Amino acid sequence: MPKITEAKILIMATHGFEQSELEVPLNGLREKGATVDVATLDGKAIKGWKDNDWGDEFSADLKIADVKVDDYIALVLPGGQMNPDILRTDKETVAKVREFVSADKIVAAICHAPWLLIEAGVVKGREMTSYHSIRTDLKNAGANVVDKEVAISNGIITSRSPEDLEAFVAKIVEEVKEGEHQRKVA
């Protein structure tokens, strides 16, 4: 059984991510002993969104274009409105998300981040949740939409909002400990 202390996890984000949705998984997974890298569009620091204004800056470890999917066991996608909306228009980012799913990696998306999963074409037939305002988008893309703090379907973890972060991070840790299992691209 894999150990969280041996796990290497990637967070992909850009400016305007919901600060808690990057900060809590980043710190929580590191506290459990995982190695967590942050990838951004240009490999430079990004600014969060907190309490209706710009929040803290977080440093990046690499560019999204330089990510090697095989180096990681999991991908975490924070939400916020701006962050996933910008990332889903970037072909390289969308391709990396699809590659993580195709490689049977754990993919965890919270709040508005399932927009990236929709764009990557990997939601059809999966049980998923999200922030309430994008549930119709998920449904229209073929997901089986539920309203609960964590939904998991073939290694893709989704949660609704910052209120679900404790359960979201716990499910990521649980999935890492379970190891690889078959996941299918829609």
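For the structure, check the block above.
Criteria and thresholds
Position labels on residues start from 1 in each chain and follow its written sequence. In view of the model being predicted, local features appear only for residues whose pLDDT reaches at least 70, and side-chain atom pairs are presented and counted only at 80 or more, with totals across whole chains, interfaces and linings using the full set of residues. Derived side-chain values reflect all non-hydrogen atoms in the structure, with water molecules and hydrogen atoms excluded from consideration. Buried Ala, Val, Leu, Ile, Met, Phe, Trp, Tyr and Cys residues form a nonpolar core when they are joined through side-chain atoms within 4.5 Å. Burial here depends on accessible area, computed with a 1.4 Å probe over protein chains only, as a share of the maximum for the residue type. Under 20% is buried, over 50% is exposed, and the range in between is partly exposed. The numbering of helices and of strands both runs from the N terminus, where a helix is a DSSP run of H or I of at least 4 residues and a strand a run of E of at least 2. A pair of strands is treated as paired once DSSP finds two or more bridges between them. Between rings of Phe, Tyr and Trp, where Trp is taken as its six-membered ring, a pair exists when centres lie within 6.5 Å; planes separated by under 30 degrees are stacked, by over 60 edge-to-face, and by other angles tilted.

(A) Layout of the nonpolar core. In this structure, Ile9, Leu22, Leu29, Val76, Phe168 and Ile172 are the most contacted members of the largest nonpolar core, which totals 29 residues. Elements with a contribution of two residues or more to this core: β1 (8–12), α1 (19–31), β3 (35–40), β7 (74–77), β8 (106–110) and α6 (165–178). Listed in part, the 27 residues of the second largest apolar core include Ala39, Ala109, Ala120 and Met128.

(B) Summary view of the pairing of β7. Covered by surrounding structure in β7 are Ala74 and Val76 together with Leu75 and Leu77, the residues of both alternating faces. In terms of strand pairing, β1 meets β7 through three bridges, oriented parallel. Counted as the bridge partner of Leu10 is Leu75 from β7. With four bridges connecting them, β7 and β8 associate as parallel partners. When the bridges of β8 are listed, Ala74 appears paired with Ile106.

(C) Structural view of unusual backbone geometry. Non-glycine residue Asp104 carries a positive phi angle of around 60°. Position of Asp104 relative to the elements: it lies in the loop between α3 (91–102) and β8.

(D) Region of interest: the packing of aromatic side chains. Under the defined criterion, the tally for this structure stands at two aromatic pairs. Judged by centre distance (5.6 Å) and plane angle (75°), the ring pair of Phe17 and Phe58 falls under edge-to-face. Within this pair, whereas Phe17 is found in strand β2 (residues 17–18), its partner Phe58 is found in strand β5 (residues 53–58), the two being separated by 41 residues in sequence. A centroid spacing of 5.0 Å and a plane angle of 90° characterise the contact between Trp49 and Trp54, whose relative ring orientation is edge-to-face. On the basis of relative accessibility, which here comes to 25%, the residue Trp49 falls in the partly exposed class. Looking at Trp54, the relative accessible area reads 41%, which means it is partly exposed.

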